[in-house]
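Here's the letter readout for the chains.
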Amino acid sequence: MKKYTDTGKKDTRSGFGAGMTVLGRTNPNVVALCADLIGSLKIQEFIDENPERFFQVGIAEANMMGMAAGLTIGGKIPFTGTFANFSTGRVYDQIRQSIAYSGKNVKICASHAGLTLGEDGATHQILEDIGLMKMLPGMTVINPCDYNQTKAATIAIAEHEGPVYLRFGRPSVANFTPEDQKFEVGKAILLNEGTDVTIIATGHLVWESLLAAEALEAKGISAEVINIHTIKPLDEEAILASVAKTGCVVTAEEHNYYGGLGESVARVLVKNQPAPQEFIATNDTFGESGTPAQLMEKYGLNNKAIEKAVEKVLKRK
Amino acid sequence: MSNIQQLNDLSTQVRRDILRMVHKVNSGHPGGSLGCTEFFVSLYNEIMELKDEFDMDGIGEDLFFLSNGHISPVFYSVLARKGYFPVEELSTFRMIDSRLQGHPTTHEGLPGIRVASGSLGQGMSVAIGAALAKKLNKDNHLVYSLHGDGELQEGQNWEAIMYAAAYKVDNYIATVDYNGQQIDGATDDVLPMGDLKTKFEAFGWDVMEIKEGNNIEAVINGMKEARTRTGKGKPVCVLLHTVMGHGVDFMMYTHAWHGKAPNDEQLEKALAQNPETLGDY
Ligand SMILES: Cc1ncc(C[n+]2csc(CCOP(=O)(O)OP(=O)(O)O)c2C)c(N)n1
Ligand SMILES: [Mg+2]
């Protein structure tokens, strides 16, 4: 199996902040908005270096989304920053009408996605945001896997015309993809070639999938691992090519299985080449307070759960 | 009814609870909790008319809604010490499988909580709905709510403020924790809100101020006064001037402790300033 090294755990939101710093220095059209969460979004450096290109809107996310839409009229590229819940559910119709339907070039950047924000609990732990965003026509949905990839994705989406939802998180997770990688929107990354099963993962569950694949290898099971950082548009070709070879799939995401990556993959498969699939996702539930590791364990999102799902799907081949 | 010394002792104990709760899990929101301690202690022990047992509908008693759900530590401590649930349960705050979630929820069935909060700006609408239900039920009790001042930046509040005045929701007292602080700094630096009193008045509310929101007598007297203003065709707003982090000298007058827990050494210092009165959980 191909070897990946964790160069030290880092939070993906800091990758976003680092990407914003780069954009501040390289793209004069990039502007940032934040709703009283500068520290959490790690954008202080961007603000210090470009104070006139930053808008503190206060605790008023709906206003922020509308303002972002307006800023595009005149050629600005607005990046909005708040928690994932307040970036999506809170402001769905503002995004729908003023951004998505109006075709505005707004980058909705969402931190603290999923269960692993931890102790704040369910009011903050959105597990429905991928679904909400992927249902909007024209919306691109990206969930990078680590610090380096989040930084690269942040930089890349400034060049991508159209509305984008960029999802990242609070906990420190393994940082294992190359520094200064080029990020290609919509292009899956084949991390490990395998023959028995395809694991398609997004976000920090990509690392969990690699850990699972390693453990499976020791048991004589060869797992192909795909990092599907872009959930929409989905790299159907990569998925179909892999499943043609392995004949079964496990999808893994920190999200409800309703509306998540798994359903998008299932749709591609049933339309082209039906194959058994197991879902690593939360099971139609709200979250709760706890440490990230406890929550990953309790809600079945870690490498052990992926391993089990693989063993299950293999029996269904 | 209790005397002032007893209520001050309770406040000190609640402060210890808040500090120990957030310290244990190294997360949570001590600043606003400490600042609103006298308010919660007064409300639950001197102001609201409450039944002995909690039930969701709360018919025949006053109701309270916490809109700024992040100050759950003070809410949980005061509820526990009022007897809504065992005081020992405070030790489970923010831990997995606990009823004491980071932000208050009904999901785990914790007595005393009637709606989830945490995502800011939603509590006033809920409180208005509950006040309207009381009117429909011919229940003469009042509805109370608490909101952060930064929280008022959310537009939904102003929809609610407009409604409550237009439709004379006069069995309702909304209190604002007027501490002048939010996450990124002073409210005046983040998004200045101007003169809140004039704004509420312009929307048609009866507004009063409690200048010493961390003085238990001032809070009790102020809230009693607010009660007398209900039933007169206008919703009542109380601007409660508090100090974020009140009772712990190094946490006061700054936003720095909005959502940060003390370390071991800081906890010790903070507890020394609030000696045990009713017994730690
Ligand atoms: C809708 C929403 N946006 C943002 C947040 C994040 N947040 C939690 S508390 C807070 C600041 C609240 O300020 P204030 O109401 O003045 O409370 P205080 O800091 O005084 O306790 C923010 C922005 C949230 N919980 N909900
Ligand atoms: Mg405040």
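So, how was this worked out
Residues numbered from 1 in each chain as written. Chains lettered and ligands numbered in written order. Predicted model: local features only at pLDDT ≥ 70, side-chain atom pairs only at ≥ 80, totals over all residues. Heavy atoms only, no water. UniProt positions renumbered as here; feature names shortened; annotations may be inferred. Donors = N, O, S within 2.8 Å, 3.2 Å for Na, K, Ca; no water. Contact = heavy atoms within 4.5 Å. Buried area = accessible area lost by both parts, 1.4 Å probe. Salt bridge = Lys/Arg side-chain N within 4 Å of Asp/Glu carboxyl O. Polar contact = N/O pair within 3.5 Å; in protein donor to acceptor, adjacent residues only side chain to side chain. Helix = DSSP H or I, 4+ residues; strand = E, 2+ residues; numbered from the N terminus. Nonpolar A, V, L, I, M, F, W, Y, C, P; charged D, E, K, R; others polar.

Per an unreviewed UniProt entry, chain B goes by Transketolase and derives from Sinomicrobium pectinilyticum. Quoted verbatim from the Cofactor (unreviewed entry) heading of the UniProt record, the comment on chain B is "thiamine diphosphate". Taken verbatim from the UniProt record of chain B, the Sequence similarities (unreviewed entry) comment is "Belongs to the transketolase family."

Chain A carries the name Transketolase family protein in an unreviewed UniProt entry, which gives Sinomicrobium pectinilyticum as its organism. According to the UniProt record, the Sequence similarities (unreviewed entry) comment for chain A reads "Belongs to the transketolase family."

Colleague: Can you tell me about the coordination of the magnesium ion (ligand 2), naming the residues and giving the values?
Modeller: The coordination sphere of the magnesium ion (ligand 2) contains the protein donors B:Asp149 (OD), B:Asn179 (OD1) and B:Gln181 (O), at a distance range of 2.1 to 2.2 Å. One chain supplies every donor for the magnesium ion (ligand 2), spaced along it as D-x29-N-x1-Q.

Colleague: Account for the interface of chain A and chain B, with residues named and values stated.
Modeller: At the interface, 26 residues of chain A touch 29 residues of chain B. A buried area of about 2000 Å², summed over both sides, lies between chain A and chain B, and 47% of it is on carbon and sulfur atoms. Broken down residue by residue, the surface that chain A buries against chain B is led by A:Asp36, A:Ile59 and A:Arg90, which jointly contribute 30%. At the boundary of chain A and chain B, one finds three salt bridges. Here chain A is connected to chain B by 18 residue pairs in polar contact (both at pLDDT 80 or more). Of all elements in the fold, only α2 (38-41), α5 (84-87) and α12 (292-298) of chain A reach the threshold of two or more residues within the side of chain A that touches chain B. In terms of residue count, the dominant contributor to the side of chain A that touches chain B is α12(A) (three residues). When grouped by side-chain class, the residues that make up the side of chain A that touches chain B number nine nonpolar, ten polar and seven charged.

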